[in-house]
Amino acid sequence: MATKFVFITGGVASSLGKGITAAALGRLLKCRGYSVSVCKLDPYLNVDPGTMNPYQHGEVYVTDDGAETDLDIGHYERFIDEKLSRDNNATSGQIYQTVIERERAGGYNGGTVQIIPHITDEIQARVMRAAARTHPDVLIVEIGGTVGDIEGQPFLEAIRQIRWSVGPENSAFIHVTLIPYLHAAGELKSKPTQHSVKELLSIGIQPDILVCRSEMPVGPDLRGKIARFCNVDADCVIENLNAPSLYSVPLMLEEEGLCRAVCKKLCLAQREAKLDAWREMVRREQFPNKKCKIAIVGKYIQLQDAYLSIVESLKHAGIANDARVEIWMVAAEDVTDGNAATLLADADGVLIPGGFGTRGLAGKIAAARYARENGVPMLGICLGMQMAVVEFARNVLGYGDAHSSEVDPDTKHPVIDLMPDQLQNLDAQSGAMKIGGTLRLGGYDCTIQPNTLAARLYGKETIRERHRHRYEFNNAFRGDFVRAGMVLSGRNELRDLVEIVELPDHPFYIGVQFHPEFQSRPDSPHPLFTGLVAAALKARG
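Residues numbered from 1 in each chain as written. Predicted model: local features only at pLDDT ≥ 70, side-chain atom pairs only at ≥ 80, totals over all residues. Heavy atoms only, no water.

(A) Main features of the state of the cysteines. Enumeration according to the criterion identifies zero disulfides in this entry. The closest cysteine sulfur to the non-disulfide-bonded Cys263 is located on Cys259, 4.2 Å from its own sulfur. (Disulfide = S-S within 2.5 Å.)

Okay, structure coming up:
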């Protein structure tokens, strides 16, 4: 059948969970046997989030084809367990760039280029491209931002036009809104939702379903009132209370009838949802029998979304190990060789994540040294792996000035160095690095050395993992590390690059150049995280 479309907008306030709603709906449709894909349209003018500070927009999620995307793409992949691509995320920056480049090339035959129809046509083309890539039964499209934002208006106009091009029976509009509870009055208020729907109506969009976020139950009388004043059926006013975990949201929305309402609007058969395995996974998450504490020694700890996929991956590993993983954020700049033993004493395991820039690197190196010397399970990811390599070079090989050439271009021991093909991204005049879209991005194959920790964890010889970095392990120092006892257990054969390092005489000490967190799923946890949590539990005793 032809792809049907679900468009999800948000009103009243940001951060209401449109992305989780989209992801949860995708899981519910997939559990009914429908094929699903999800697309995110972001109204900001950045071409992609790749150059954004994590405090601005949370983590940058990387797809297998190398797109730097919004973190909601990660939610989608984790919930629907499908690999998405650059076609599943578009920004205003990309849209306007495409239209302007086309105009510069004479693509509009001298015509006046306008928001309508040229920008809105390009938005529609991006949506249709996402649908054409995998031909899903249902494509869920989330519109970033909040209704009323100036930058979002072209996107709303575009999806309004799509409804009439595909037909009302092939499209549905879901509006995620807020029902605030006024503690002074002791009651929920529907007026903000009414005004938000009125804003949508003013541009020609009538929502079919309202997903109402609230901290208190939305009773039948209030639902009836919302339905009357917002022109929707009463059974299409869906309560969405705060959930004990992200993964319980699909179960809550299933009880509320969200997917049944969507299937009805899209003229899809009302199939039974096969959610038993998902329910069991949620039960294990909420009622574990063991616990451990993992310290994340990072640079961006004030915003948990900066490490969202890592946090979720640790939760997945906890589910697999029947354990609750207490995640303890430690500011890397606070850690030194002198205090690491005190700061990290309560940690059963240490995770050193990626990042960019010089801030906090000394703390990451100190954390790696503490874990290595004290037998504490450690997983280093990307920059975390690189700093573990630097620490080993300094304190085991005796190269006191060892560092990454990114940080110290004059070091005599650049154990982490710029890839040769990155030299083309240096500005010819200033020597500065061009940063936008110039990293090693996306999925690359890695061959694992037999009889290593990596081989035991993965259980296969060849893996494929996603990357986001510019600097690599310097092959000129391979022999030194191997002779000193470090095992280089994973390698990209095509480019002869070290991907995984580990210490065989340590309970669990492994660093990876890639980002395993992008491939972990709640019902299929990544083996590196599962191994870290298992080792932490063993260390805890």
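Having seen the structure, we can now continue with the description.
(B) Main features of the pairing of strand E6 (residues 138-143). Among the six residues that make up E6, six are buried, leaving the element largely enclosed by the rest of the structure. Across five bridges, strand E1 (residues 4-10) lies against E6 in parallel orientation. Across the sheet, Ile8 pairs through a bridge with Glu142, a residue of E6. Sheet topology note: the strand E2 (residues 36-42)/E6 ladder contains six bridges and is parallel. Following the sheet pairing, Leu41 is matched in E6 by Ile143. (Buried < 20%, exposed > 50% of the residue type's maximum accessible area, 1.4 Å probe, protein only. Helix = DSSP H or I, 4+ residues; strand = E, 2+ residues; numbered from the N terminus. Pairing = 2+ DSSP bridges.)

(C) How the structure looks around the layout of surface pockets. Estimated volume of the largest pocket: approximately 730 Å³. Lining the largest pocket are 30 residues, and of these Ser15, Lys18, Lys40, Leu71 and Asp72 sit closest to its centre. Per element, the largest residue contribution to the lining of the largest pocket is four residues, and it comes from helix H2 (residues 54-57). Empty space within the second largest pocket amounts to approximately 510 Å³. Surrounding the second largest pocket, 28 residues form its lining, Pro54, Tyr300, Gly355, Phe356 and Arg468 being those nearest its centre. (1 Å grid on protein atoms, 1.4 Å probe; cavity = no way out; pocket = protein on both sides within 12 Å on 5 of 7 lines; lining within 4 Å. Points joined across faces, edges and corners; volume = space filled by probe spheres on them.)

(D) The pattern of salt bridges, seen in detail. Scanning the entire structure with this criterion turns up 41 salt bridges. Taking the shortest distance from any N to any O, the salt bridge between Arg223 and Glu239 comes out at 3.7 Å. Of the two residues, Arg223 sits in helix H8 (residues 220-230) while Glu239 sits in strand E11 (residues 237-241), which places them 16 residues apart along the sequence. When its relative accessible area of 13% is taken as the criterion, Glu239 is described as buried. The partner of Asp348 in a salt bridge is Arg540, with the nearest N and O atoms 2.7 Å apart. Of this pair, Asp348 sits in the loop between helix H13 (340-343) and strand E14 (349-352) while Arg540 sits in helix H18 (residues 527-540), and the two are 192 residues apart along the sequence. Each of Lys40, Asp42, Asp70, Asp72 and Glu142 takes part in one network of salt bridges that share partners. (Salt bridge = Lys/Arg side-chain N within 4 Å of Asp/Glu carboxyl O.)

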